[in-house]
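Here is how the chains run, residue by residue.
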Amino acid sequence: MARFGRLTDAPASVVLAGVRVLDPAARSDSVRDLLIVNGIVAESASDDVPRVDADGLVAAPGFCDLHAHLREPGMEGSETIESGTQAAAHGGFTTVCIMPNTDPPLDDVRSVELIGARSQGAAARVRVVGAATRERAGERLSDLGELTRAGVVGFSDDGASLPSASLARAALAYLAPLGLPLIEHCEEPALARGALMRAGPTALRLGLAGWPSSAELTIVERDIALAEETGGRVHFTHLSTAAAIDAVRRAKARDLNVTCDVTPHHLALADTWVAGDRHFAWEDGAFDAFARLDPDLAYDGRTRVNPPLARREDTLALLAGVADGTVDAIATDHAPHPPERKLVEFGAAAPGMIGLETALSLGLAAVEAGCLSLAQLLRAISSRPAELVGEQRSLAVGEAADLVVFDPGARWTVSRDNLASRSANTPLLGRELTGVVRLTVAEGRVTFDDLGRIGRDFKE
Ligand code: DOR
């Protein structure tokens, strides 16, 4: 029986015998015994430490999600810190950075302290992204200095871009000496107004208003210029277009203080999913948007997400960006919503899909297809995002164990019954995926255990 643990549990001890240990930051990849003794990666273990046959399993540094919505406070019907961190642990994540578009928004020190208190004993570390503007209203900056001292990892009005260049410039200028990033949702409001999906042939066929690439690129180019001028650090989140990735690639070539992430769903699912296609973007599906639409699958509100699913050529450019390191991180944008906000007509559906529990499987599908190497995937989902929020990720002897162990070949079917999230809004529901997390250890504590035997041993 799988079980969840908490960061406040007693430290774990286990020997993972014959596991493939892949540590992307250390550039190491070898099959060996991995020893954890009292929560620390060890060189030797006494005979009473339980030994698990981990043949065929992969151990990697714990995943770090730079972008998740855990909906607390205010929308606990969709997710809570408890359910969301269990979903994280189930997906192999040991850190989740939560977005501030809660009700009320996380825009002051008290709200950061509230999250800190509610996260005690959660199943993953919870780090807070503070609202960049008061009440997330896009008018006046939050108290960025106080929030920095309270421990936030960055600032964002996610769900919207900072509405004016002058406000974004002020935020970046203020943040430059503080060292924290402005985490920008890139959507120029006038260009995206009224749009329900990505502009292109599929939108044309479905008769839905389209969101052009320029809606994203305009903000990316604007903020690159502002970061250069102010010396501030900008992180673009959930990028979805080839043009934006190219802009980041050029900015990085000039050594500007610019980083970015993409979501697993933008890597794997193209806009044709809105019309009912169910191929991954890299497959030769030959989907014809102008063929007869499947009434059971087309216009499914669960495919509505913001930014919208992109065109196939964009998804392939995002994958290339992860492979060459232009894209720093794969971040889930886990966005839980209740059925009454998703199982409605497409235009009325709330944008967003859950992602913590399916991220690894979508990434492994891209690896299987040859779009990424396993090391590139793991770097983008563990060591590099952890580095961006100042966390250590190492499987070296003497370090606190913070890791995931997964079976890269095991298959599972996504269903309401096997998701820890309170919400199940994903178009992957009912689909068989490859890649199953068997064990997650955060700060030396078992937060998810599906290895069975060690679960019982650790309970005492
Ligand atoms: O799809 C999305 N959902 N994109 C966002 O930017 C916000 C998020 C949410 O909060 O549901």
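Procedures and definitions
Residues numbered from 1 in each chain as written. Predicted model: local features only at pLDDT ≥ 70, side-chain atom pairs only at ≥ 80, totals over all residues. Heavy atoms only, no water. Near = heavy atom within 4 Å. Polar contact = N/O pair within 3.5 Å; in protein donor to acceptor, adjacent residues only side chain to side chain. Areas by Shrake-Rupley, 256 points an atom, 1.4 Å probe, with all protein chains shown as cover. Nonpolar A, V, L, I, M, F, W, Y, C, P; charged D, E, K, R; others polar. Phe/Tyr/Trp six-rings, centres within 6.5 Å; stacked < 30°, edge-to-face > 60°. Helix = DSSP H or I, 4+ residues; strand = E, 2+ residues; numbered from the N terminus. Buried < 20%, exposed > 50% of the residue type's maximum accessible area, 1.4 Å probe, protein only. Lys NZ or Arg CZ within 6 Å of the ring centre and 35° of its normal. Core = buried A, V, L, I, M, F, W, Y, C linked by side-chain atoms within 4.5 Å. Contact = heavy atoms within 4.5 Å. Expected span 1.5 Å × (residues − 1). Pairing = 2+ DSSP bridges. Right-handed = clockwise from strand over helix to strand, strands pointing away. pLDDT = per-residue confidence, 0-100. Axes fitted to C-alpha atoms, helices over the stretch in contact; angles between N-to-C directions. Parallel < 35°, antiparallel > 145°, perpendicular 65-115°, else oblique. Left-handed = near helix turned anticlockwise from the far one by under 90°.

Novice: How should the site of the ligand be read in this particular structure?
Specialist: Neighbouring the ligand are 14 residues, the closest being R71, N101, N306, H337 and P351. Between the ligand and the protein, one listed contact pairs an oxygen atom with a side-chain N or O atom of H185 at 3.3 Å. Burial of the ligand by the protein amounts to 93% of the accessible area it has alone, namely 290 Å². Each residue belonging to the shell around the ligand can be placed in one class, and the counts come to 3 nonpolar, 8 polar and 3 charged.

Novice: Honestly, the packing of aromatic side chains in this entry has me stumped. Any pointers?
Specialist: To describe a pair of aromatic rings, one takes the distance between the centres and the angle between the planes. Tallying each qualifying case throughout the model produces 3 aromatic pairs. On the numbers, 5.5 Å between centres and 75 degrees between planes, the contact of F63 with F93 is edge-to-face. Placement of the pair is F63 in strand β7 (residues 63-68) and F93 in strand β8 (residues 93-98), with a sequence separation of 30 residues. With a centroid separation of 5.2 Å and 35 degrees between ring planes, the pair formed by F280 and W282 is classed as tilted. Overall, W282 belongs to the buried group, its relative accessible area being 15%. Its guanidinium or amino end placed over the ring of F280, R431 lies 4.3 Å from that ring's centre, counting from NZ or CZ.

Novice: I would appreciate a short explanation of the nonpolar core in the present structure.
Specialist: Counting residues in hydrophobic clusters, the biggest one holds 94 residues, and the most contacted among them are V220, F236, L239, V262, F280 and F406. For this core, the leading source of residues is helix α12 (residues 359-368), giving 6 residues. With residues up to four places along the chain from it excluded, the contact list for V262 reads H238, L239, I245, L267, L318, V322, V327, A329, I330 and A331. Within the second largest apolar cluster, 20 residues are counted, among which are L395, V405, L439 and V446.

Novice: What exactly am I supposed to notice about helix α13 (residues 374-388) here?
Specialist: Every α-helical turn comprises 3.6 residues, leaving residues that sit three or four positions apart pointing alike. Look at α13: 20 Å from first C-alpha to last across 15 residues, which is about the 21 Å you get at 1.5 Å a residue. Burial analysis of α13 places 11 of its 15 residues in the buried class, which makes it a mostly covered element. All buried positions along α13 are accounted for by L374, L377, L378, A380, I381, S382, S383, R384, P385, A386 and L388. One or two steps after α13, the chain reaches G390, where phi turns positive at roughly 75 degrees.

Novice: Which parts of the structure should I look at to understand the pairing of strand β14 (residues 233-237)?
Specialist: Within a regular strand, the side chains alternate between the two sheet faces. Within β14, 5 of the 5 residues are buried, leaving the element largely enclosed by the surrounding structure. The two faces of β14 match: R233, H235 and T237 on one face and V234 and F236 on the other face are all buried. Across 5 bridges, the pairing between strand β11 (residues 181-185) and β14 is parallel. Paired with H185 across the bridge in β14 is T237. Direction of pairing for β14 relative to strand β15 (residues 258-262): parallel, over a ladder of 3 bridges. Looking across to β15, one finds that V234 is bridged to V258. Regarding topology, helix α8 (residues 242-253) serves as the crossover connection from β14 to the parallel β15, and that connection is right-handed.

Novice: I would appreciate a short explanation of the confidence of the model for the protein chain in the present structure.
Specialist: Where the model shows low pLDDT, its predicted coordinates should not be examined in detail. Summing up the model confidence of the protein chain, the mean pLDDT is 96 and the portion of residues at 70 or higher is 98%. The model gives residues 453-460 a pLDDT under 50, and that stretch makes 17 contacts with residues more than four places away or in other chains.

Novice: Would you mind going over the packing of α8 against helix α10 (residues 312-324) with me for this structure?
Specialist: Between two packed helices, the angle of one axis relative to the other and the distance separating the axes together describe the packing. Direction vectors running N to C along α8 and α10 enclose 25 degrees, while the axes themselves pass 8 Å from each other. As far as their axial angle goes, α10 and α8 are roughly parallel. Touching A242, I245 and R249 of α8 are D314, A317, L318, A320, G321 and D324, all from α10. Along the lines of polarity and charge, the residues of the contact of α8 with α10 split into 5 nonpolar, 1 polar and 3 charged.

Novice: Please clarify how the packing of helix α7 (residues 214-230) against α8 should be interpreted in this entry.
Specialist: Between α7 and α8, the least distance of the axes is 9 Å, while the angle of their chain directions is 15 degrees. Our classification of the angle between α7 and α8 gives roughly parallel. Note on packing geometry: the crossing formed by α7 with α8 is right-handed. Residues E216, L217, V220, E221 and I224 of α7 pack against A243, A244, A247, V248, R250 and A251 of α8. Taken together, the residues of the contact of α7 with α8 break down into 8 nonpolar, no polar and 3 charged.

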